[in-house]
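Each chain, written out:
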Amino acid sequence: MRSVAIIGAGQAGLQLALGLQSQGYRVTVVSDRSAEQLETGRIMSTQALFHDACATERAQGLDFWSSQCPPIEGIAVNVSPPGARGQPALSFAARLDQPAYSVDQRLKFGAWLREFERRGGAVLIEQADIQRTDLLSAEHDLTLIASGKGDLGRLFENDPQRSPFHAPQRHLALAYLKSARPRAGHSAVSFTLIPGAGEIFVLPGLTRTAQGHTQPYENVLIEAVPGGSLDVFGGVREPQEHLRLMLELLREYCPWDYDRLKDAELTDEQATLSGKVTPQVRRPVARLPSGRCVLGLGDTLVINDPITGQGAGSAAKAAALYQERIIWRGQQPFDRVWMEQTFEEYWSYARYVTRWTNAMLGPPPPHILAVLNAAQSRPGLAHAFVNAFNHPPQFFPWLEHPSEAERLIEQHQVA
Ligand SMILES: Cc1cc2nc3c(=O)[nH]c(=O)nc-3n(C[C@H](O)[C@H](O)[C@H](O)COP(=O)(O)OP(=O)(O)OC[C@H]3O[C@@H](n4cnc5c(N)ncnc54)[C@H](O)[C@@H]3O)c2cc1C
């Protein structure tokens, strides 16, 4: 029986661990938090997973929640310039062909870690360091680091060609709210772009109550351009103050969301988060002091800003691809060449996610605004735009080529 060690019990690490376990591999997971600590800890993400990513979980029998989780049926885009006071300059919405889902990662990771252990998997609760990683690599045929944004990821070198930024491009503020009214029409990721200031996202999800039941809630994520008018959460520690500031911004920039959220409350004491992410791509293989190699997975290698809501979905897709390649490898060694090839295969998809996400962090160029503008009157274009969130290569080539954007617009009839 081949053995695999995975450091990090998140979307990528746990999905791969459970998948390989079900195929007869002996898997060890190292997590710096127990299932209970994950479940009762601070919120981590808005974690919207679009259909193809959900399908990778479903294929492993790991979709425990979609019958209870409010489906995200579409995406609504509004452009609301500062001073517009509730009059969007541009607005459209379209349905996703299949719904997306946002299951609180605290709920998901806690349950998956318990399930992995219940099925006989070995779990070590500790913060793995280089020495522990090296010991694990001596005891397993393959060792993967899926520690997300954790410090252990610094083992992997930065890839300067794939990493154009050296600092966070947004300051993030997140909260989980309960008792909100549902959006009129279909449910959606409500995405409001405030030129020069940042973006506001509101989307439904499923979380866990203190009693261990599930309940629907709304994610609110504010992506503030540093120093801009949305960047007001620095130093705010008090959850109620965090909520008050969020509602004030919603009232100013997206009253359509504010109206249904204004009487909502935080889901729990850990339901606020603020922080920042420096987008970065790292080289996939690191060499340990013993000379053995380890392979990275998920955010450890490709960290994108959450502006496009792709990190967890990409981690799920990476886990599915790695699992297939590990199985195909049979009894052959998991050497450096195999590791690099496996990541490059993933990168042939993920590079589109990174390029699209990085493009969204700058001021939108005229051809992208032209597509958004045309989507208001061309339902087919709005549908194509919204559904590309499920498979970001579909944003190309038009995203980077004005003439292709023009062609795309012409392909779709005005309603
Ligand atoms: C505000 C915000 C909103 C987001 N919204 C979305 C969204 O809507 N859709 C989407 O797809 N993505 C979203 N993302 C991104 C998404 O959450 C991540 O990309 C995804 O969780 C990455 O999965 P991962 O398995 O690589 O890492 P994680 O899920 O971060 O898991 C890593 C795990 O490793 C553990 N760990 C770290 N170091 C060690 C160590 N040394 N030893 C042991 N364990 C360790 C960590 O505690 C963690 O549990 C968002 C992110 C943020 C910050």
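Here the structure is a predicted model, which means the values were calculated and not measured. (Residues numbered from 1 in each chain as written. Predicted model: local features only at pLDDT ≥ 70, side-chain atom pairs only at ≥ 80, totals over all residues. Heavy atoms only, no water.)

Caption draft 1: The arrangement of the overall build of the protein in detail. Tallying secondary structure elements over the protein gives twelve helices and 17 strands in all. Taking 2.2 N^0.38 as the reference for a compact globule, 415 residues should give roughly 22 Å; the C-alpha atoms of the protein span a radius of gyration of 21 Å, in line with that estimate. The principal-axis extents of the C-alpha atoms in the protein amount to approximately 60 × 50 × 40 Å. Taken over 415 residues, the protein has a buried fraction of 56%. By element, 49% of the accessible surface of the protein is carried by carbon and sulfur atoms, the whole surface being about 17200 Å². (Helix = DSSP H or I, 4+ residues; strand = E, 2+ residues; numbered from the N terminus. Rg over C-alpha atoms; globule rule 2.2 N^0.38 Å. Buried < 20%, exposed > 50% of the residue type's maximum accessible area, 1.4 Å probe, protein only. Areas by Shrake-Rupley, 256 points an atom, 1.4 Å probe, with all protein chains shown as cover.)

Caption draft 2: Looking closely at helix α4 (residues 105-118). In a regular helix each residue adds 1.5 Å, so 14 residues correspond to 20 Å; α4 covers 19 Å between its end C-alpha atoms and thus fits that length. When you tally the buried positions in α4, you get ten out of 14 residues, the bulk of the element. Restricting attention to buried positions, one finds in α4 the residues Gln105, Arg106, Leu107, Lys108, Phe109, Gly110, Trp112, Leu113, Glu115 and Phe116. Where α4 starts, the residue carrying a side-chain oxygen 2.9 Å from the main-chain nitrogen of Arg106 turns out to be Asp104. Phi turns positive one or two residues past the end of α4, at Gly120, with a value near 100 degrees. (Expected span 1.5 Å × (residues − 1). Polar contact = N/O pair within 3.5 Å; in protein donor to acceptor, adjacent residues only side chain to side chain.)

Caption draft 3: Quick peek at the pattern of salt bridges. Per the stated rule, a full pass over the model turns up 29 salt bridges. Between Asp151 and Arg154 there is a salt bridge; the shortest N-O distance is 3.5 Å. By relative accessible area, Asp151 is classed as exposed at 54%. Note on Arg154: relative accessible area 63%, which makes it exposed. Among the ionic pairs, Glu248 bridges to Arg244, the shortest N-O distance being 2.7 Å. Taken together, the residues Glu248 and Arg244, both in helix α6 (residues 239-253) and four residues apart, mark about one turn of the helix. Counted as one network, the salt bridges with shared partners bring together Glu157, Asp159, Arg162, Arg283 and Glu344. (Salt bridge = Lys/Arg side-chain N within 4 Å of Asp/Glu carboxyl O.)

Caption draft 4: The arrangement of the site of the ligand in detail. Around the ligand, 33 residues are found, and the nearest of them are Asp32, Ser45, Thr46, Asp299 and Ala312. Here an oxygen atom of the ligand and a side-chain polar atom of Ser45 are 2.8 Å apart. Relative to its unbound accessible area of 1000 Å², the ligand is 93% covered by the protein chains. Among the elements that line the shell around the ligand, the one with the most residues is helix α8 (residues 311-328), at four residues. (Near = heavy atom within 4 Å.)

Caption draft 5: Layout of the packing of aromatic side chains. This model, assessed by the stated rule, comprises 16 aromatic pairs. Pairing Phe385 with Phe389 gives two aromatic rings, centres 6.0 Å apart and planes at 70 degrees, and the pair type is edge-to-face. Overall, Phe385 belongs to the buried group, its relative accessible area being 8%. The interplanar angle of 45 degrees and the centroid separation of 6.4 Å between the aromatic rings of Phe385 and Trp398 together place this pair among those described as tilted. (Phe/Tyr/Trp six-rings, centres within 6.5 Å; stacked < 30°, edge-to-face > 60°.)

Caption draft 6: Up close: the domain arrangement of the protein. When the domains of the protein are assigned, the result is domain 1 (3-62 + 104-165 + 278-360), domain 2 (72-102 + 169-276) and domain 3 (364-411). For domain 1 and domain 2, the distance between their C-alpha centres works out to 28 Å. Listed as interface residues are 24 residues of domain 1 and, on the opposing side, 34 residues of domain 2. When residues of domain 1 are sorted by the area they lose upon contact with domain 2, Arg42, Ile43 and Thr46 head the list and together hold 25% of the total. There are two salt bridges connecting domain 1 and domain 2. (Domains from an automatic or database assignment. Contact = heavy atoms within 4.5 Å. Buried area = accessible area lost by both parts, 1.4 Å probe.)

Caption draft 7: Here's a closer look at the packing of helix α1 (residues 11-22) against α4. In the contact formed by α1 and α4, the axes pass within 10 Å of each other and the chain directions differ by 25 degrees. If you check the angle between α1 and α4, you find them roughly parallel. Where α1 crosses over α4, the handedness of that crossing is left-handed. For the pair α1 and α4, contact is made by Gln11, Leu14, Gln15, Ala17, Leu18 and Gln21 and by Lys108, Phe109, Trp112, Leu113, Glu115 and Phe116, respectively. Residue classes in the contact of α1 with α4 are distributed as seven nonpolar, three polar and two charged. (Axes fitted to C-alpha atoms, helices over the stretch in contact; angles between N-to-C directions. Parallel < 35°, antiparallel > 145°, perpendicular 65-115°, else oblique. Left-handed = near helix turned anticlockwise from the far one by under 90°. Nonpolar A, V, L, I, M, F, W, Y, C, P; charged D, E, K, R; others polar.)

Caption draft 8: Geometry of the sheet that holds strand β16 (residues 293-296). Taken in spatial order, the six strands of this open sheet run β6-β2-β1-β7-β16-β15, and their pairing is mixed. Bordering the open sheet on either side are β6 (122-125) and β15 (285-287), each of which pairs with just one other strand. Sheet twist, expressed as the average angle between the axes of neighbouring strands with direction ignored, equals 25 degrees. With five bridges connecting them, strand β1 (residues 3-7) and strand β2 (residues 26-31) associate as parallel partners. Along β2, the bridge assignment pairs Ile7 with Val30. Set on the sheet, helix α9 (residues 336-361) makes contact with β7 (142-145), β15 and β16; between it and β16 the angle comes to about 5 degrees. (Pairing = 2+ DSSP bridges.)

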